[in-house]
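These are the residues of each chain, in order.
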Amino acid sequence: MSHLLEIRDLKVTFGGLDALSGLNFHVDEGEIVSVIGPNGAGKTTFFNAISGLVEATEGDILFEDESVLGLEPHQVTGLGIARTFQNVRLFPNMTILENVMVSQHCRTRQLVFGALMQTRAFKREEREIRERAEAALGFFGSRLVGYRLEQAAFMLSYANRRRLEIARAMATQPRLILLDEPVAGMNPMETAELTGLIGRLRSEWGFTIVMIEHDMRVVRDVSDRVVVLDHGVPIAHGSYDEVSSNPEVIEAYLGRPLESRA
Amino acid sequence: MSATMNAPISGSSTAPALFDLDWRRIGTWGGLCALALILVSLIGMPVGLDRRMIIEGRLSLGYLALLWIPLLFGYVVSKRVVLEGVETPDPGARDVLAGFCTGVLSGLGPVLLILGIDNFNLREPLVNWGPPLLEQLTFGRGTGFGIVAWFGIGAVLGLLGSALHVLPKDVRRVISFVIYGLLSISVLEAVISDLSEGFGLESLTDDMYARRGGLTVKSSIILAVVIGVLPILTKGRLKGATNHYKELQGEERKRASMMLFSGVAGLCIVLPLFLGKIVNELLANVGLFLLLALGLNIVVGLAGILDLGYVAFFAVGGYTTSVLTSAESPFFAPELHFGFALIIVIIMAGLTGLVIGAPVIRMRGDYLAIVTLGFGEIIRLLFMSDWLKPYFGGAQGITNVPPVDLGFAVVTGIDPRSVFYLVLVFCTLAIYVSWRLQGSRLGRAWMAIREDEQVAEAMGINTVNAKLMAFVVGAMMAALSGAVLAAKVGSVFPNSFMILVSIIILVVVIVGGMGNIAGVLVGSFVLIGVLGGPRQPGLLQEFQSYKLLIYGALLVFMMLQRPEGLVPSARRSQELHQEEFLQDAWLKGEDHDTEEAAAAAAAGGSEGTGEQA
Amino acid sequence: MSAEESSSPTALLEFRKVNTHYGAVHILKDVDLAIYPGELVCLLGGNASGKTTTLKTLLGMVTPTSGEVVLDGEVVNHRPTSYRVANGVTMVPENRRLFKRLSVKENLVLGAYLRKDKDGIEADLEYVFELFPRVKERLSQKSGTLSGGEQQMVAIGRALMSRPKVLLMDEPSMGLAPALVQQNFELIQKINDEGMSIFMVEQNANMALSIADRGWVLQTGTVVLNDTSEALLANPEMRAAYLGES
């Protein structure tokens, strides 16, 4: 049986320090898996290793049974893995529409000739790019469409920037989306809304999702499985309920159970 | 901005309103103004430019170089930002008083200089420290007169500058129209008399301009009246038309743009026919540099690759053309036609782009800039070397490059008009290419790389390929410009391809507006046309020796005050829902508007202490 | 609030009708705040509500267009940040912002950059070690290699080294794991119990109010609520907008 994404004994070392050591992990088609763990546990490094931004020291990463190690980030995206960034990295001076159009680069072909001659193929491709972009933006309701399409991304509010980043990832036509703290900095209402949208990303768009998140309500509401990392090693793995009652996890990550806070 | 609002907090309520000025601000600006006056005097502008008259016998460019400074500072010192949600008193006597004080303070600059020159001899390090400057500063009437005069002049100009805020809008418009109009008509003397000659109206301009340059007193009065009436007649219409244009949507907008475009194109084709040699020469130079700037705009403006060795491709174009077409070229005997040569030029440019680009493109930021700078020099040194002398003629270069024979016309440097038309064709082509690519998949990829290379890569863009593409397209445009240059001048020398060329083109792109075709156009006309290129004189030939100084000052000014360039791209000047982005950006600590940030910093005198930075 | 409370001991830090602008845009609108010795108070609000501007104004990175910022009885509107730090205001920045390549000790000593009294600095180092024994164990380690919780201790320790009268905390819970958030708030509570006055800016209203004495709620630059923590926690308006209950 094969998994959509499989990580085998992954180890990433920075200057003698192990950011990740011996991580084994898999994601099946159609799952939503959360990765949680204290700050500095290696969660973002894990995402960076998958998307090719950092090099793995040992181990292997298989996507649909093919190793993605050694591939350039754009090749990884081409295979069908998209991502967002913890600290929201849009293309601030490009318009909202352009942000989402440009991320379809690896799905399109036209180069100089088509653009100069305005060939029929070029025009058709441009139209399709635009349609797909608007579809991805439309997923978030009316906030990112209409007059906003032509606005520069830096004009957006904080929450909208996070939404646009997800739309940009969607437009790369991936099979797997890596979300890095998608609700960080959002208020409770925005968080609740985005929680619902993450579920719809799977049910309506058919994406498989791996998510890093600190907000336990979001983790509880959307994940099929939860993996807990600490010091680059997985310390627990299972459903939210299993993980959240695991004493080791409570010690390292959760503190007191969720209910007694709030 | 903030300092004007709540001046000295300690001396709160009792002080009379009129004198409750922000003395700190006045002191700063007045002092700066005095310094500026001293600096301009010492670099020799007043004396050097004294012979060029603006208004015959009354005002020379030399005095003008000094007089505009207090006026500007007076304007600046009493300028205030209208703040939302806070009652701002209407500009009034207080502001004028502030301008007046700044002006008086600025008079200190020339006065100190007069006293200094009179009593000490600093000629050794300061070349211009001497009697001519003293004579100029004292208006030839002795030290005492000079001192009184400069305080007076400072006060009047500062007052006038600040009074501009107080005057009603219409009056202000009339005044600025008259000042700018008279200045441009006087400065553009060469073009205007050239043009009127072309139309057979030389009698008109002969009356207008004095024999030794500058407007006559009579004609400047008449012109002032005529120009003054213009804004009253056209009041609001121009703005209405621009607004109307901006509001047009889709097809209508396209049609209006096409009309505008064909209008400009028509002008470009017809106007040179009526222009004389000098102005056509200027236009041809502007065209050559515009072509270069358009290419660099793709590399720097769109793809964000800071290429400081761009001149290399210009050289490759020039040398390839010369080798292939010149009978004097040492190793390639047949004389190809310019058209054939052009094909090879483009191929060579593309290859050079790839060869230089491939190793360089993987570097980032500063490293890339330094390495390209090196490559630019290497190419020039190769052309100059004794080693390649049998091919490229070493320091003597290649001469006798034939004019371009198009069958129906001959393009030659003796007839700058023909060169202009040839360049016009290439520029149009380059503008089309830039425009189409900008809106294509490739153009978007370039912009994404410029914004954040790592993220662009993660969004599926093969950044190495896309950047190489930008390099090659830019190289081709530069090479075309080089080819025309070779045919125009009739020869190429290594010294025509100094680093300075790269830098000046970069300044043109930055000042005009990065990543924006219209900006590059305006930048080329303003900088190359008015100030002149690295070796080409501009309209203001008097400024020849200050050219680089002005280029530098302009660059610093633009970076501080208007980093988006003279013609900002549309997306940068969006007004819709600006509050949202401003508040948000500010709260997130991203200072988009350096002017306000600087003002806030200056007013608070704050220095971050590291941990809060 | 100011009317009845300004009769009690003088405020350490005070905003009197402060307005600030970014460009022409009005950010803070007639904001009144006051922090009294020994208090732990919090400023709540969503994104773009003006929280960060408030902190910047307190520290002198933004100059108010009108109103007064008062530090220990002195109007400091035009005083630079360094002056304010030297006179008792220090901030623990969001996301800790340690000098990651420097050792823990170097980080701590840099916190006392503006101080000249060697003995006092030594004594304060000891005090920090007493508060956070774990920091002492890591003294020569590069601060970037510490765990998240330890980094937080160093950040607070570094701020304490300037011997502040008021400690400003910028979003102490932002981007932290739940256990760390909790630990962090316990640290804040602890140094407050030691007598330190604390002004905390937070988005996580629940957590902040659970330890604070009083709170202000900022909405698009205006203080809309200001009360004791208990009252705010009970306020239905508050519950709906900021505590995530509908």
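Residues numbered from 1 in each chain as written. Chains lettered and ligands numbered in written order. Predicted model: local features only at pLDDT ≥ 70, side-chain atom pairs only at ≥ 80, totals over all residues.

1. Looking at the overall build of chain C
A count of helical and extended segments in chain C gives 11 helices and 10 strands. In terms of overall dimensions, chain C has a C-alpha envelope of 45 × 40 × 35 Å along the principal axes. Considering chain C as a whole, with its 246 residues, one finds that 51% of them fall into the buried category. Taking as baseline every contact in chain C between residues at least 6 positions apart, the subset at least 24 positions apart corresponds to 66%. (Helix = DSSP H or I, 4+ residues; strand = E, 2+ residues; numbered from the N terminus. Buried ≥ 20, exposed ≤ 12 C-beta atoms within 10 Å, placed from the backbone. Contact = placed C-beta atoms within 7 Å.)

2. Remarks on the interface of chain A and chain B
Each partner contributes to the interface: chain A provides 35 residues, whereas chain B provides 28 residues. Elements that contribute at least two residues to the side of chain A that touches chain B include exactly α2 (73–79), α3 (96–102), α4 (112–117) and α6 (158–171) of chain A. Take the side of chain A that touches chain B: its biggest share by element is 4 residues, from α2 of chain A. Tallied by class, residues from the side of chain A that touches chain B come to 17 nonpolar, 13 polar and 5 charged. (Nonpolar A, V, L, I, M, F, W, Y, C, P; charged D, E, K, R; others polar.)

3. Remarks on the confidence of the model for chain C
All names here are of chain C. Summarising the model, chain C shows a mean pLDDT of 83, and 94% of its residues fall at 70 or more. The low-confidence segment residues 1–7 (pLDDT under 50) makes 4 contacts with residues lying over four places distant or belonging to another chain. Across the whole predicted complex the pTM is 0.83, and at the interface the ipTM reaches 0.92. (pLDDT = per-residue confidence, 0-100.)

4. A word on helix α8 (residues 178–193) of chain C
Across its 16 residues, α8 of chain C extends 23 Å between first and last C-alpha, which sits within 8% of the 22 Å expected from 1.5 Å per residue. Where α8 of chain C is buried, its residues contact α8 (216–222) and α10 (247–254) of chain A together with α7 (148–160), β7 (166–170), β8 (197–202) and α9 (205–211) of chain C. In the stretch just after α8 of chain C, Gly-195 of chain C is the one whose phi turns positive, near 110°. (Expected span 1.5 Å × (residues − 1).)

5. Focus on the pairing of strand β10 (residues 222–228) of chain C
All names here are of chain C. Of the strand pairs in this sheet, strand β9 (residues 214–219) and β10 are connected by 6 bridges, and their pairing is antiparallel. Bridging across to β10, Leu-218 finds its partner in Val-223. Where β9 folds back onto β10 in an antiparallel hairpin, the turn is made up of 2 residues, including Thr-220, whose phi is positive at roughly 35°. (Pairing = 2+ DSSP bridges.)

6. A few points about the sheet that holds strand β4 (residues 66–71) of chain C
Paired through their backbone hydrogen bonds, the strands of a sheet run either parallel or antiparallel. Residues and elements named next belong to chain C. If you walk across this open sheet you meet the 4 strands as β2-β1-β4-β5, and the pairing is antiparallel. Where the open sheet ends on each side, the last strands, each with one partner, are β2 (25–35) and β5 (74–75). Most of the contacts of helix α2 (residues 51–59) go to β2, to which it runs at about 65°, and overall it touches β1 (13–22), β2 and β4. (Axes fitted to C-alpha atoms, helices over the stretch in contact; angles between N-to-C directions.)

7. Section: the domain arrangement of chain A
Buried accessible area, meaning the area lost when the parts come together, often serves as the stated size of an interface. When the domains of chain A are assigned, the result is domain 1 (5–80 + 174–260) and domain 2 (94–160). The distance between the C-alpha centroids of domain 1 of chain A and domain 2 of chain A comes to 28 Å. (Domains from an automatic or database assignment.)

8. Remarks on the sheet that holds strand β4 (residues 58–63) of chain A
Residues and elements named next belong to chain A. What the 4 strands build is an open sheet, ordered β2-β1-β4-β5; its pairing is antiparallel. Strands at the two margins of the open sheet, each flanked by one partner only, are β2 (17–27) and β5 (66–67). In the sheet, strand β1 (residues 5–14) pairs with β4 via 5 bridges, with the strands oriented antiparallel. In the strand pairing of β4, Leu-5 is matched with Phe-63. Here helix α1 (residues 43–50) sits on the sheet in contact with β1, β2 and β4, set at roughly 65° to β2.

9. Some remarks on the packing of helix α15 (residues 311–325) of chain B against helix α16 (residues 338–360) of chain B
Residue and element names in this part refer to chain B. For the pair α15 and α16, interaxial distance at closest approach is 9 Å and the crossing angle is 145°. α16 is crossed by α15, and the crossing has right-handed handedness. Here Ala-312, Phe-313, Val-316, Gly-317, Thr-320, Thr-321, Leu-324 and Thr-325 of α15 lie close against α16, whose contacting residues are Phe-338, Ala-341, Ile-344, Val-345, Met-348, Ala-349, Thr-352, Gly-353 and Ile-356. By residue class, the composition of the contact of α15 with α16 is 11 nonpolar, 6 polar and no charged. (Left-handed = near helix turned anticlockwise from the far one by under 90°.)

10. Points about the domain arrangement of chain C
All names here are of chain C. Considered domain by domain, chain C is made up of domain 1 (2–88 + 164–242) and domain 2 (97–162). The straight-line distance from the C-alpha centre of domain 1 to that of domain 2 is 24 Å. Taken residue by residue, the interface counts 12 residues in domain 1 and 9 residues in domain 2. Secondary structure elements with two or more residues in the side of domain 1 that touches domain 2: α3 (81–86) and α8. The class makeup of the residues in the side of domain 1 that touches domain 2 is 9 nonpolar, 3 polar and no charged.

11. Remarks on the nonpolar core
All names here are of chain B. The biggest cluster of nonpolar side chains holds 260 residues, and the ones touching the most others in it are Leu-291, Ala-470, Ala-479 and Val-508. In contact with Ala-479, not counting residues within four places along its chain, are Phe-313, Val-316, Gly-317, Val-345, Ile-346, Met-348 and Ala-349. Leu-37, Met-45, Val-77 and Ile-185 belong to the second largest nonpolar core, which has 41 residues in total. (Core = buried A, V, L, I, M, F, W, Y, C linked by C-beta atoms within 7 Å.)

12. Observations concerning unusual backbone geometry
Phi at Asp-9 of chain A is positive, roughly 45°, even though this residue is not glycine. Turning to its location among the elements, Asp-9 of chain A is positioned in strand β1. A positive phi angle, close to 65°, is found at Asn-400 of chain B, a residue other than glycine. Note that Asn-400 of chain B resides in the loop between α18 (389–392) and β3 (404–405).

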